[in-house]
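A look at the structure
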Amino acid sequence: MGGVLVGLPAQRGRRRVLLEHIAGSFEPGERYPERAVDEALRGWCAAGGSDHVTLRRYLVDEGLLARERGVYWRAG
């Protein structure tokens, strides 16, 4: 995966860079059930700096992951 998250930057630009890095955990074109996304994101949250639900929401809000009917994929 490439590390653990110790906190989310408050500044949007810095947070976006971090989220882009995390989005790289997901293969373009592959579809993931919510459970698989949560499992992948929990690894990033092992240090307690954030939680997987918050990360998932930011990834969708920033357009890095798309979601439909509980299925996610890397956008763009």
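Data block above holds the structure.
The present account deals with the structure reproduced in this document. Source: prediction; values computed, not measured. (Residues numbered from 1 in each chain as written. Predicted model: local features only at pLDDT ≥ 70, side-chain atom pairs only at ≥ 80, totals over all residues. Heavy atoms only, no water.)

Structural notes on the pairing of strand E2 (residues 65-68)
Pairing between E2 and strand E3 (residues 71-74): four bridges, direction antiparallel. Note on E3: the bridge partner recorded for Arg-67 is Tyr-72. Counting the residues between successive antiparallel strands, the hairpin from E2 to E3 contains two residues, one of them, Arg-69, with a positive phi of roughly 50°. (Pairing = 2+ DSSP bridges. Helix = DSSP H or I, 4+ residues; strand = E, 2+ residues; numbered from the N terminus.)

As for the packing of helix H2 (residues 34-44) against helix H3 (residues 52-61)
One can describe the packing of H2 onto H3 by two numbers: an axis separation of 8 Å at closest approach and a directional angle of 110°. Considered as vectors, H2 and H3 are oriented roughly perpendicular to each other. Where H2 crosses over H3, the handedness of that crossing is right-handed. Contact residues: H2 offers Glu-34, Val-37, Asp-38, Leu-41, Arg-42 and Trp-44, while H3 offers His-52, Leu-55, Arg-56 and Leu-59. (Axes fitted to C-alpha atoms, helices over the stretch in contact; angles between N-to-C directions. Parallel < 35°, antiparallel > 145°, perpendicular 65-115°, else oblique. Left-handed = near helix turned anticlockwise from the far one by under 90°. Contact = heavy atoms within 4.5 Å.)

Thoughts on the sheet that holds strand E1 (residues 31-33)
Here we have three strands laid out as an open sheet, ordered E1-E3-E2, and antiparallel in their pairing. With partners counted over all chains shown, the strands left at the sheet margins are E1 and E2, one partner each. Averaged over all pairs of adjacent strands, the angle between strand axes in this sheet comes to 30°, irrespective of strand direction. In this fold H2 packs onto E1, E2 and E3, with an angle of close to 85° to the strand it touches most, E1.

Some points on the pairing of E3
For a regular strand, side-chain orientation follows a simple rule: the groups alternate between the two sheet faces. Examined bridge by bridge, E1 and E3 share three bridges and lie antiparallel to one another. Along E3, the bridge assignment pairs Tyr-32 with Tyr-72.

What to know about the nonpolar core
In terms of nonpolar packing, the biggest core is built from 18 residues, with Ile-22, Phe-26, Val-37, Leu-41, Leu-55, Leu-59 and Leu-65 touching the most fellow members. Of all the secondary structure elements, the ones that give two or more residues to this core are helix H1 (12-23), H2 and H3. Beyond its immediate sequence surroundings of up to four residues, Leu-41 is in contact with Ile-22, Phe-26, His-52, Leu-55, Arg-56 and Leu-59. (Core = buried A, V, L, I, M, F, W, Y, C linked by side-chain atoms within 4.5 Å. Buried < 20%, exposed > 50% of the residue type's maximum accessible area, 1.4 Å probe, protein only.)

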